[in-house]
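# Examining the three-dimensional arrangement
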Amino acid sequence: MSLHDELTAAQRCLDDLVRTVGRLEKQVGHGLDIRRVRTDADHLRESLALLREAAPPGGAPARPDVVTIPDAPYDTSLWTDSDDEGLGSTRSRGRRTP
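Description of the structure in this document. (Residues numbered from 1 in each chain as written. Predicted model: local features only at pLDDT ≥ 70, side-chain atom pairs only at ≥ 80, totals over all residues. Heavy atoms only, no water.)

### Here's the deal with the overall build of the protein
Applied cut-off: Helix and strand definitions follow DSSP, with helices as H or I runs of at least four residues and strands as E runs of at least two, each counted in order from the N terminus. Only protein chains enter the accessibility calculation, which uses a 1.4 Å probe. A residue is then buried if its area is under 20% of the maximum for its type, exposed if over 50%, and partly exposed in between. Contacts are assigned to residue pairs with any non-hydrogen atoms lying within 4.5 Å of each other.
The number of helices and strands found in the protein is two helices and zero strands. The burial tally for the protein puts 10% of its 98 residues in the buried class. A fraction of 53% describes how many contacts in the protein between residues 6 or more apart in sequence connect residues 24 or more apart.

Here is the structure:
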């Protein structure tokens, strides 16, 4: 399914939930528990609306930028002032590890 289809399906389920909570509220009354459920359903509705707004247009998936990492070794002068944190490092010549 596409992103647009998934969001539409989630919206339909959420609408069913809101209708069901309304029917439950008529049966149970306006107590604290049902108010919490209604508030949670309202929060879900708001969150889904934000998700719809953030979705790329046309349902096209957002693709991250590709970063190319070269195969060439790094310049060893980058590490001259750094501390050796590992055991058996090639830079720790002449030093003994604990």
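### Side note on the side chain of Glu-25
Structurally, Glu-25 is set in helix α1 (residues 3-28). You can call Glu-25 buried: its relative accessible area is 15%. Once you skip the residues sitting within four places of it in the chain, Glu-25 turns out to touch His-30, Ile-34 and Arg-38.

### Thoughts on the packing of α1 against helix α2 (residues 32-54)
Convention followed: All axes are obtained by fitting lines to C-alpha atoms, using only the stretch in contact for helices, and the reported angles, taken between N-to-C directions, cover 0 to 180 degrees. An angle below 35 degrees is read as roughly parallel, one above 145 as roughly antiparallel, one from 65 to 115 as roughly perpendicular, and any other as oblique. Definitions for this section: a left-handed crossing has its near helix turned counterclockwise from the far helix by less than a right angle. A right-handed crossing has that turn clockwise. We call Asp, Glu, Lys and Arg charged. Ala, Val, Leu, Ile, Met, Phe, Trp, Tyr, Cys and Pro are nonpolar, and the rest, Gly among them, are polar.
Axis separation between α1 and α2 bottoms out at 10 Å; the angle between their running directions is 160°. Relative to α2, the element α1 is oriented roughly antiparallel. When the axes of α1 and α2 are compared, the crossing they make is left-handed. Of the residues contributing to the contact of α1 with α2, the split by class is 13 nonpolar, four polar and five charged.

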